[in-house]
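Remarks on the overall topology
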Amino acid sequence: MPRESKFDAVKLRTLIGEGKSAQQIMDAFGVKKPMIKSYLARLIQLDEKFYKIEGMDGRAVSGSPVIKKTGLHLGATLLKN
């Protein structure tokens, strides 16, 4: 049985128009970031207009630095933050 999509173009347009962050939009829809990216792509295709959501371009910061035989390994996101 296929799952029902939570995509709502009107709601997403409203949230983006209000300047909500990616985390706030994820909370409003009750989905994770990959699904919001999918919704955003669908909305861009529907409206033929580009939308930018604050916080969508950044990657999640991985836990802590990793110490290996070759030395200390820090991810790019961790260094940026």
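Residues numbered from 1 in each chain as written. Predicted model: local features only at pLDDT ≥ 70, side-chain atom pairs only at ≥ 80, totals over all residues. Heavy atoms only, no water.

1. Remarks on the packing of helix H1 (residues 9-17) against helix H3 (residues 33-47)
- Direction vectors running N to C along H1 and H3 enclose 100°, while the axes themselves pass 11 Å from each other. Here H3 runs roughly perpendicular to H1, going by the angle between their axes. Between H1, through Ala-9, Leu-12, Arg-13 and Ile-16, and H3, the contact on the second element is made entirely by Tyr-39, Leu-40, Leu-43, Leu-46 and Asp-47.
- Among the residues forming the contact of H1 with H3, the class breakdown is seven nonpolar, no polar and two charged. (Axes fitted to C-alpha atoms, helices over the stretch in contact; angles between N-to-C directions. Helix = DSSP H or I, 4+ residues; strand = E, 2+ residues; numbered from the N terminus. Parallel < 35°, antiparallel > 145°, perpendicular 65-115°, else oblique. Contact = heavy atoms within 4.5 Å. Nonpolar A, V, L, I, M, F, W, Y, C, P; charged D, E, K, R; others polar.)

2. Focus: the packing of aromatic side chains
- Counted according to the given criterion, the structure contains two aromatic pairs.
- An aromatic cluster is present here, built from Phe-7, Phe-29 and Tyr-39 joined pairwise through their rings.
- For Lys-11, the ring lying beneath its charged end belongs to Phe-29, and the centroid distance is 4.8 Å.
- Taking the ring centre of Phe-7 as reference, the NZ or CZ of Arg-42 above it sits at 4.5 Å. (Phe/Tyr/Trp six-rings, centres within 6.5 Å; stacked < 30°, edge-to-face > 60°. Lys NZ or Arg CZ within 6 Å of the ring centre and 35° of its normal.)

3. Observations regarding the packing of helix H2 (residues 22-29) against H3
- Interhelical geometry of H2 versus H3 gives an angle of 95° and a closest axis separation of 10 Å. In terms of axis orientation, H2 runs roughly perpendicular to H3. Between H2, through Ile-25, Met-26 and Phe-29, and H3, the contact on the second element is made entirely by Lys-33, Ile-36 and Tyr-39.
- Split by residue class, the contact of H2 with H3 holds five nonpolar, no polar and one charged.

All we've got here are geometric facts, nothing functional implied.
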